[in-house]
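Understanding the architecture of this molecule
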Amino acid sequence: MNIIAVANAAGSAGKTTTVVTLAALLAEAGQRVVVVDLDGQANATRWLGVDPRTLAHTVGDVLLDECSAVEALVETNTQGVHLLPSNSSVNGDALELRDAVGREMRVKTAIRDLSDVDVVLIDCPGTIGLMTVMALVAADAALTVAQPSMKELEGIEELEKTISEVRKFFGADVSLRGAVPCIVPPASAGRLYANSVELARDTYDDLVLPPVRRSVKAAEAYAFAQPLPLFAPREGVTEDYRGVLGRLQATGVL
């Protein structure tokens, strides 16, 4: 089982789009995938066709040891992809977990219950807090996403610091293995964006993955609750993600 945490220090950068799209592409290639939605906004849950209001169990229940991961696992709108779902109650569960014994280990412990799974993709909240730390403790590798701006690039440094602390204090073998430039505007949008991508490549070198263009198709795919490979399989933004997956496979991350 290959466990990948997708995290960043600022929301709305394309994190959930990346998780859901990679999950669908991996399933398309015959991989058995589980998405773990740790974000109380439940965007990955909705995108995969699951109504957060109708859940018998959430990932929060699993982390509070009120049910097993197997009991909470649900099918999605994408063949080959299962989900540990989320809803707004997970935000309260995260507060309750602050006083729980072994809280940082609980995602790792929960995932151990899963079987017949090739890849687990963890969609972290848009901030670096307890949920993100739990995901990093469980993960074999971390990915991050960033829009092409100086503010977003500074968030990568914050995530790297957190990963270093997780390695030091929990003995985890996780490392940052890729950064996806997301929602990248066309060259005509201005030199500032191009400079930011160039700075990312200068700073992070091979960690910088192929860029994903800005596209209304991503918002439309979310609105229709279909991953991009199902909703718009031949659109440029979907092909961009095929390039991201190809690079991750070539470097042994996936």
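Residues numbered from 1 in each chain as written. Predicted model: local features only at pLDDT ≥ 70, side-chain atom pairs only at ≥ 80, totals over all residues. Heavy atoms only, no water.

Remarks on the overall build of the protein
If you tally the helices and strands in the protein, you get 12 helices and 7 strands. Taken against the 2.2 N^0.38 rule, which gives 18 Å for 254 residues, the C-alpha radius of gyration of the protein at 17 Å falls within 12% of a compact globule. Summarising its shape, the C-alpha atoms of the protein cover approximately 50 × 40 × 30 Å along the three principal directions. A buried classification covers 52% of the 254 residues belonging to the protein. By sequence separation, contacts in the protein at least 24 residues apart represent 79% of the contacts at least 6 residues apart. The positive charge centre, built from 22 side chains, and the negative charge centre, built from 33, are 4 Å apart in the protein. (Helix = DSSP H or I, 4+ residues; strand = E, 2+ residues; numbered from the N terminus. Rg over C-alpha atoms; globule rule 2.2 N^0.38 Å. Buried < 20%, exposed > 50% of the residue type's maximum accessible area, 1.4 Å probe, protein only. Contact = heavy atoms within 4.5 Å. Lys, Arg positive; Asp, Glu negative; His and termini not counted. Charge placed at Lys NZ, Arg CZ, Asp CG, Glu CD.)

Quick look at the packing of helix H1 (residues 15-28) against helix H12 (residues 236-250)
Two elements in contact, H1 and H12, have axes whose closest approach is 10 Å; the angle formed by their N-to-C orientations is 70°. Relative to H12, the element H1 is oriented roughly perpendicular. Residue-level contacts link Thr17, Thr18, Thr21, Leu22, Leu25, Leu26 and Glu28 of H1 to Tyr241, Arg242, Val244, Leu245, Leu248 and Gln249 of H12. Here the contact of H1 with H12 is built from residues that sort into 7 nonpolar, 4 polar and 2 charged. (Axes fitted to C-alpha atoms, helices over the stretch in contact; angles between N-to-C directions. Parallel < 35°, antiparallel > 145°, perpendicular 65-115°, else oblique. Nonpolar A, V, L, I, M, F, W, Y, C, P; charged D, E, K, R; others polar.)

A look at the state of the cysteines
On inspection of all chains with the given rule, the structure shows 0 disulfides. Distance from the sulfur of Cys182, which forms no disulfide, to the nearest cysteine sulfur (Cys124) is 15 Å. Residue Cys182 is classed as buried on the basis of its relative accessible area, which comes to 1%. (Disulfide = S-S within 2.5 Å.)

Brief notes about the sheet that holds strand S7 (residues 176-181)
Pairing in this open sheet of 7 strands is mixed, and the strands run S3-S4-S2-S5-S1-S6-S7 from one edge to the other. Of all the strands in the sheet, the pair left with one neighbour each is strand S3 (74-75) and S7. Relative to strand S4 (residues 81-84), S3 runs antiparallel, the two being bridged by 2 bridges. For Val74, the partnering residue across the bridge sits in S4 and is Leu83. (Pairing = 2+ DSSP bridges.)

With respect to a nonpolar patch on the surface
On the surface, Met105, Phe169 and Phe170 cluster together into a nonpolar patch covering about 290 Å² of accessible area. Tracing the backbone through its elements, the reader meets Phe170 in helix H8 (residues 150-170). (Patch = residues over 30% accessible without salt bridge, like charges linked within 9 Å, V, L, I, M, F, W, Y side chains within 5 Å. Areas by Shrake-Rupley, 256 points an atom, 1.4 Å probe, with all protein chains shown as cover. Salt bridge = Lys/Arg side-chain N within 4 Å of Asp/Glu carboxyl O.)

Some thoughts on the nonpolar core
It is characteristic of soluble globular proteins that their nonpolar side chains tend to be buried jointly. Judged by nonpolar contacts, the single largest core of 47 residues is most densely connected at Leu38, Val120 and Ile122. Of all the elements, helix H7 (residues 130-138) adds the most residues to this core, at 7 residues. The residues touching Leu38, leaving out its near neighbours within four places in the chain, are Val59, Leu63, Val90, Val107, Ile122, Asp123, Cys124, Pro125, Met131 and Ala135. Membership of the second largest hydrophobic core comes to 38 residues, among which are Ile4, Leu143, Leu245 and Val253. (Core = buried A, V, L, I, M, F, W, Y, C linked by side-chain atoms within 4.5 Å.)

Here's the deal with H12
Its 15 residues give H12 an end-to-end C-alpha distance of 21 Å, which sits within 8% of 21 Å, the value for a rise of 1.5 Å per residue. For H12, the complete set of buried residues consists of Val237, Thr238, Asp240, Tyr241, Val244, Leu245 and Leu248. Taken down its axis, H12 places every buried residue within 155° of arc, on the same side. Residues of H12 that are buried in the fold lie against H1, strand S6 (141-146), S7, helix H10 (216-223) and helix H11 (228-231). (Expected span 1.5 Å × (residues − 1). Arc of directions from axis to C-beta.)

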